[in-house]
Structures are given as structure tokens and as C-alpha cells.
Amino acid sequence: MSDRRILRLSGSDAKSFLQGLVTNNVDRLGDGLVYAALLTPQGKYIADFFLAADGDAVLLDVEASLAEGLLKRLNMYRLRADVQVEMTELQVRRGTGAAPEGALADPRHPAMGWRLYGTEGGDDGSDWDAIRVAHCIPETGVELGPDSYILEAGFEDLNGVDFRKGCYVGQEVTARMKHKTELRKGFRTVEVEGSAPVGTEITAGGKPVGTLFTQSGGKGIAYLRFDRAKGEMQAGDARVAWQP
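Below, the structure is looked at part by part. Because the structure is predicted, anything quoted here is derived from the model rather than measured.

Moving on to the pairing of strand β12 (residues 207–216). Note on strand geometry: in a regular strand, side chains alternate between the two faces of the sheet. In terms of strand pairing, strand β11 (residues 200–204) meets β12 through 5 bridges, oriented antiparallel. Residue pairing across strands places T203 opposite P208, the latter belonging to β12. Turn length for the β11-β12 hairpin, with the two strands adjacent in sequence and antiparallel, is 2 residues, and the turn residue G205 shows positive phi of about 60 degrees. Here 5 bridges tie β12 to strand β13 (residues 219–225), and the two strands are oriented antiparallel to one another. Across the sheet, G210 pairs through a bridge with L224, a residue of β13. Connecting β12 to the antiparallel partner β13 that follows it, the hairpin turn spans 2 residues, and G217 within it adopts a positive phi of roughly 60 degrees.

This is the structure:
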């Protein structure tokens, strides 16, 4: 998969360093892949990634377009910690069929199959968009961007956030959204009749109610204002329907 880059974090403080930064519990690395994100202090999305144990080091599997920026940001946070962050030449294979030796289950949803890190990349030709749409799994650079909040993006259902692990960057805002407010916006799988370009505004009664993103098999991932997303909705030439 040429659209991914693998970073390696090594040093005696590598895991504790990550534990204080990312949304999920790094102590779970012994159980397999950990899905997590790095946020701004205001709780907004910077990057999402997978973490995998590599002996005493940690591999970080991130979308290629975010890799250099994430590398610089991690080094900025490093300060006096005994941690080294480097870009590797490792690649990732993924699939939904029988998992090869050494593969790790994608923690977001069983339907997302497995990931394997090594010298060869690629996948087994699974229809990833169809799987993502069916289970409302947002993707970097498509649904997920700098204005995203991870709870609106469904990270709790995708095993991407731990509310008991302690402090991390953006934790206060994320915890407040969890415990003190009711989410009024977020990603949902919708029915789509027709098609529209990714990013098309969804309207109801002439008023904006959200945005339509990835589509597959008559369904799509949409970011909706729940109080307005009612009745007949349009996204360009496509008709959109959602049942709360």
C-alpha cells in the first residue's frame, strides 16, 4: 500500500511518550494493533494511525500525506524524552481473507480484516470503500480533516479512544464532548439514490444539513446535523435518506 508510511519510535520512553499524546491506551499493544489519533489542544484531528509493537519499539502506520508532518510534530513534543522517531522503508499489506502469519487484526471493525508489516505492500483487492460505507468508517483525507472531532467521527465505536487512560493532547475537550454534551453532528451511513462528488453539500428544504462523502452500493458516508437531517434530502443530483 503506497499510500501509507511506517514510522518507528524507539528508546526507553517510546511507549510512555505516546501514552501522553494519543487518544488510545498504548498499554494495549501487547494485544495487537491499537487504533488512535493525535489531536490539537483544542481537540481537533491532526492524524489517525495504527500502532504496532515491534519488540521494545513501536511502529506507527499513517496515511502517507500526513507522515512528514506527523514526524516533525512528534519530534517537537519529544523534548528530553529518550525516544527516537524515524521514517522506515517498511510497507503494509492488508486483506479480508485468511490472515497470513504475523498479520494483526484491524481493531476498527472485524470486516476491515488484517494488516501485515514487512518488505512487501499491497492488498487482496477487497472493496474497501464498500466495507467502510457499510460500517461508517471514515478515512483520512476524505471524511477526516483538520475540522474533525473524533467523537463526531465515531472513534468510540471504532475502538480509537480510551476514556480511562488519563491525559493526552486534546483529552479535556474530548472528555467534555463525551460526558457533558449531546452530539448534534456526526458521520452516519445514509441511503443514496444516484451519485454526487465527494464533498457535495446535502440540503433539506433548501437548507444545508450536511455533506456527502464516500459512496458505494447505494449507500454513503455523510456528515449530518442530526436536528436538520430529516425528510427528503438532496446532494447535487442524488437523493439522500437517513433514519435516526
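Spatially, the 6 strands close up into a barrel ordered β10-β13-β12-β11-β14-β15, and their pairing is antiparallel. Put simply, the sheet's adjacent strands are angled 40 degrees from each other on average, direction ignored. Strands β10 (185–193), β12 and β13 of the sheet are contacted by helix α3 (residues 128–135), whose axis makes an angle of about 140 degrees with β12.

Sheet strands associate in pairs through backbone hydrogen bonding, adopting either a parallel or an antiparallel arrangement. One open sheet holds the 4 strands; their spatial order is β7-β8-β6-β9, and the pairing between them is mixed. A strand with exactly one partner marks an edge of an open sheet, and here the two such strands are β7 (104–105) and β9 (122–123). Inspection of the sheet shows strand β6 (residues 91–95) paired to β9 by 2 bridges, in the parallel sense. What sits directly across from R94, in β9, is D123.

Right, let's get into the layout of surface pockets. Over the atoms a probe the size of a water molecule is rolled, and this reveals where empty space is left. By volume, the largest pocket amounts to about 280 Å³. Contributing to the lining of the largest pocket are 19 residues, with L151, A153, G154, D157 and R188 lying nearest its centre. At the level of elements, α4 (171–179) and β10 are the ones that each hand at least two residues to the lining of the largest pocket. Element by element, the count of residues in the lining of the largest pocket is highest for β10, at 4 residues. Across the lining of the largest pocket, the residue classes break down as 8 nonpolar, 4 polar and 7 charged.

Definitions and cut-offs
Residues numbered from 1 in each chain as written. Predicted model: local features only at pLDDT ≥ 70, side-chain atom pairs only at ≥ 80, totals over all residues. Heavy atoms only, no water. Pairing = 2+ DSSP bridges. Helix = DSSP H or I, 4+ residues; strand = E, 2+ residues; numbered from the N terminus. Axes fitted to C-alpha atoms, helices over the stretch in contact; angles between N-to-C directions. Contact = heavy atoms within 4.5 Å. 1 Å grid on protein atoms, 1.4 Å probe; cavity = no way out; pocket = protein on both sides within 12 Å on 5 of 7 lines; lining within 4 Å. Points joined across faces, edges and corners; volume = space filled by probe spheres on them. Nonpolar A, V, L, I, M, F, W, Y, C, P; charged D, E, K, R; others polar.

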